[in-house]
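Secondary and tertiary structure notes
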Amino acid sequence: MNDAFDYARYDRIRPIRWTGDALELLDQRKLPFTVEYLRCTSSDEVAAAIHALAVRGAPAIGISAAWGVVLAAREVQAADGPQADALLEPALQRLNAARPTAVNLAWALARMRASLLTAGSDWQQVLEQQAQRISDEDLAANRHMGELGAALIAPGSGVLTHCNTGSLATAGFGTALGVIRAGVAQGRIGQVYAGETRPWQQGARLTAWELQQDGIPATLIADSAASHLLKTGAVQWVIVGADRICANGDTANKIGTYQLAIAARHHGARFMVVAPSSTVDMATPNGEAIEIEERDPAELLGIGGVRTVAEGISAWNPVFDVTPADLIDAIVTEKGVVEKPTLALMQQAFS
Ligand code: MRU
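Nothing here was measured: the structure is a model prediction, and the numbers come from that model.

Structural notes on the UniProt feature "binding site: substrate" (unreviewed entry) in the chain
The UniProt record marks Arg56, Gly57, Ala58, Arg99, Gln202, Asn253 and Lys254 with the feature "binding site: substrate" (unreviewed entry), using the residue numbering of this structure. Within the element layout of this structure, Arg99 appears in the loop between α4 (81-96) and α5 (103-117). Residue contacts for Arg99: discarding those within four places in its chain leaves Ile50, His51, Ile61, Leu105 and Glu293. Note on placement: Lys254 falls in strand β9 (residues 251-254). For Lys254, a count of 26 C-beta atoms within 10 Å puts it in the buried group. If sequence neighbours within four positions are ignored, Lys254 has contacts with His162, Cys163, Thr197, Gln202 and Phe320.

Description of the sheet that holds strand β15 (residues 330-333)
The strands making up a sheet associate through hydrogen bonds between their backbones, and the pairing can be parallel or antiparallel. Strand order in this open sheet of seven strands is β6-β5-β4-β7-β10-β15-β16, and the pairing throughout is mixed. In the strand order of this sheet, the two ends are held by β6 (218-221) and β16 (336-339), each with one partner. Pairwise comparison of adjacent strand axes, ignoring direction, gives a mean angle of 25 degrees for this sheet. Packing against the sheet, helix α7 (residues 176-185) makes contact with β4 (157-161), β5 (189-195), β7 (237-240), β10 (270-274) and β15, and its axis sits at approximately 155 degrees to β5.

Overview of the packing of helix α3 (residues 58-73) against α5
Geometry of a packed helix pair, given as the angle between the helix axes and the separation of the axes. Look at α3 against α5: their axes get within 7 Å of each other, and the N-to-C directions meet at 35 degrees. The way α3 lies across α5 gives a crossing that is right-handed. Contacts from Ala58, Pro59, Ile61, Gly62, Ile63, Ala65, Ala66 and Val69 in α3 reach Asn104, Leu105, Trp107, Ala108, Leu109 and Met112 in α5. Across the contact of α3 with α5, the residue classes break down as twelve nonpolar, two polar and no charged.

Rules used in this analysis
- Residues numbered from 1 in each chain as written.
- Predicted model: local features only at pLDDT ≥ 70, side-chain atom pairs only at ≥ 80, totals over all residues.
- UniProt positions renumbered as here; feature names shortened; annotations may be inferred.
- Helix = DSSP H or I, 4+ residues; strand = E, 2+ residues; numbered from the N terminus.
- Contact = placed C-beta atoms within 7 Å.
- Buried ≥ 20, exposed ≤ 12 C-beta atoms within 10 Å, placed from the backbone.
- Pairing = 2+ DSSP bridges.
- Axes fitted to C-alpha atoms, helices over the stretch in contact; angles between N-to-C directions.
- Left-handed = near helix turned anticlockwise from the far one by under 90°.
- Nonpolar A, V, L, I, M, F, W, Y, C, P; charged D, E, K, R; others polar.

See below:
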């Protein structure tokens, strides 16, 4: 990003704050009308906050889990890192089990663990530095991806995004929403559409709020309006984030992403996935191998905690789906752009 980019205007929200003795999470269950931080002082409180979606978005849950390890370390006495590693194992397992699909969670925990295994008597300090590094690197990656992704977009384009991939889902700036921020600032994006993202409404409650905070004009659509919108030709790029990108480029993201990719291909719009390399999982060969989280049907049976569906009906609530690589035009990470991803191209970029 050139020096003139106004981050103070486009990057003001911070969902995760480390105070030195607690982790404060901007409680995303309460947005947009209540802006309140949830204070966590133990790793189990962090795991519970991740599971309950007080903090959500693949990079944000990885960063939160890293700080959760720092909190767990406060409850352990050990002479060095390897000794601490054995004692921290149960807390790390509970953090890892908080949500299954986004690989950033396991990635961040593995990275914390690796730093512990080589640490001496200053292992607590090493963990704290590692958590801060994970957070700082995510912010830097997002800013770089903003530049790389925006460069793919022709001036005056319309874009459609899904879920929330902004500051709230990351250390700051965002992945897909970072590209949109950069693209708007550069005049490449003339119109932003955001899908409401049923059932949890990350688009309606969170993305719309972030765009409004930045003063970026945007139009909310019902998820079911997407194909109709694409048919009008108003959208040149569908831009989304990711929870796990497999070795062959198949990509898990918020439920509803797959149908957008199909509709984009049908109507000649292009499809961009934006995620830090911490979301790339070369150990998972393809989308079939990804565990898709299924959440409480209650999320689907009401809105904002108010039941809207007759009693007695059952509901199925998978919260992610997999977009096959052949529907993806570009995967943007901080390492560069992989166009028309295949196993060979992914191996070239990430092995
Ligand atoms: O269930 P959520 O809200 O955690 O799902 C979030 C998404 O699917 C995002 O698109 C993804 O994590 C990328 S966020 C930069």
